[in-house]
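Residues per chain, in single letters:
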Amino acid sequence: MTARRPLIAGNWKMNGLRADGLALAGELAKRMKAKGKAPFEMLVCPPATLIREVAQTVAGSGVLVGGEDCHAKASGAHTGDISAAMLADAGCTHVIVGHSERRTDHGESDATVKAKAAAALGNGLVAVVCIGETEAERDAGKTLEVNARQVAGSVPDGATAANLVIAYEPVWAIGTGRTPTAPEVQEVHAFIRKELAAKIGAAEAAGVRILYGGSMKPGNAKELLALADVDGGLIGGASLVADDFWAIAQSCP
Ligand code: 13P
């Protein structure tokens, strides 16, 4: 099997004023430095207002910084938006695209997400492409179908094991304290890898990190991260508490 280094990613969402965000970033940087060579990669995705200072705070620690979204275009009349080049310029190496909250709150389609991911790749960023079914879709037995459609529609041309991360986030598990069972998670992750192989080739798909997201906590991380096709986590609520985020990272096999 291709060795995939687990990626533990925190999505801070619209949380964190300067003092709290920098304290959290500083604490994680301190722990990563003390650990030396970690068996996992750690990524934090703060709100845009904090990216620059978080990047400065974690510099040299091994903690990576990502944006929570980017615009598909390079520049122009898009009030309130941020381009992939701006994120890279501010110190990001990664950007989340297609989070279900963006898909819902901002009506983002697979085509929009694909264009954003392409912009990320074009600016040297790793695209963390989020997919996942709603509760109604799962109840209707459409979980695999929905995730297949989102992989096909959201993954950009030119995606490789090096520049693409997929985050499987069942919408009904986000912020709810509920998760699929471990076998259910493994089934979807293995399926996503198969769909990816059809799109980018088996060799690249074997190296792509597929993260699980949705109520990952210190108490369930070990079981989820041990699954064969789970290569890390995209963590919301628990990523805002240094001890919890760190405990999840320590649960990597
Ligand atoms: P929670 O970990 O708060 O469920 O959020 C998951 C998520 O949406 C990460 O992107």
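A brief report on the enclosed structure follows. (Residues numbered from 1 in each chain as written. Predicted model: local features only at pLDDT ≥ 70, side-chain atom pairs only at ≥ 80, totals over all residues. Heavy atoms only, no water.)

Remarks on the packing of aromatic side chains
Thinking step 1. Under the criterion given, the structure shown has two aromatic pairs.
Thinking step 2. Between Tyr168 and Tyr212, the aromatic rings sit 6.3 Å apart at their centres with planes inclined by 65°, giving edge-to-face as the arrangement. Taken together, the residues span a long stretch of sequence, with Tyr168 in strand 6 (residues 164-168) and Tyr212 in strand 7 (residues 209-213) at a distance of 44 residues. For the pair formed by Tyr168 and Tyr212, the shared burial category is buried. (Phe/Tyr/Trp six-rings, centres within 6.5 Å; stacked < 30°, edge-to-face > 60°. Helix = DSSP H or I, 4+ residues; strand = E, 2+ residues; numbered from the N terminus. Buried < 20%, exposed > 50% of the residue type's maximum accessible area, 1.4 Å probe, protein only.)

Quick notes on the site of the ligand
Thinking step 1. Neighbouring residues of the ligand: 13 residues in total, closest Lys13, His99, Gly175, Ser215 and Gly237.
Thinking step 2. His99 has a polar side-chain atom sitting 2.8 Å from an oxygen atom of the ligand.
Thinking step 3. The contact in question runs from an oxygen atom of the ligand to an N or O atom on the side chain of Glu169, over 2.9 Å.
Thinking step 4. Protein coverage of the free-state accessible area of the ligand, which is 310 Å², stands at 96%.
Thinking step 5. Taken together, the residues that form the shell around the ligand break down as four nonpolar, seven polar and two charged. (Near = heavy atom within 4 Å. Polar contact = N/O pair within 3.5 Å; in protein donor to acceptor, adjacent residues only side chain to side chain. Areas by Shrake-Rupley, 256 points an atom, 1.4 Å probe, with all protein chains shown as cover. Nonpolar A, V, L, I, M, F, W, Y, C, P; charged D, E, K, R; others polar.)

Some words on helix 7 (residues 143-154)
Thinking step 1. Relative to the 16 Å expected for twelve residues at 1.5 Å per residue, helix 7 spans 16 Å between its end C-alpha atoms, a close match to the ideal helical length.
Thinking step 2. Those residues of helix 7 that sit buried are Thr143, Val146, Asn147, Ala148, Gln150, Val151, Gly153 and Ser154. (Expected span 1.5 Å × (residues − 1).)

A look at unusual backbone geometry
Thinking step 1. Here Lys13, not a glycine, exhibits a phi torsion of approximately 55°, which is positive.
Thinking step 2. Structurally, Lys13 can be placed in the loop between strand 1 (7-11) and helix 1 (18-35).
Thinking step 3. Here Ser215, not a glycine, exhibits a phi torsion of approximately 55°, which is positive.
Thinking step 4. Here Ser215 falls in the buried class, since its relative accessible area comes to 8%.

Let's talk about the side chain of Lys116
Thinking step 1. One can find Lys116 in helix 5 (residues 110-122).
Thinking step 2. Among all residues touching Lys116, those that are not within four sequence positions of it are Asp69, Cys70, His71, Ala72, Val97, Arg102 and Glu108. (Contact = heavy atoms within 4.5 Å.)

Comments concerning the environment of Ala202
Thinking step 1. Here Ala202 is to be found in helix 9 (residues 202-207).
Thinking step 2. Since its relative accessible area comes to 56%, Ala202 is described here as exposed.
Thinking step 3. Once the C-alpha coordinates of Ala202 and Asp243 are considered, the two residues, 41 residues apart in sequence, prove to be 37 Å apart.

The values are spatial; any link to function lies outside them.
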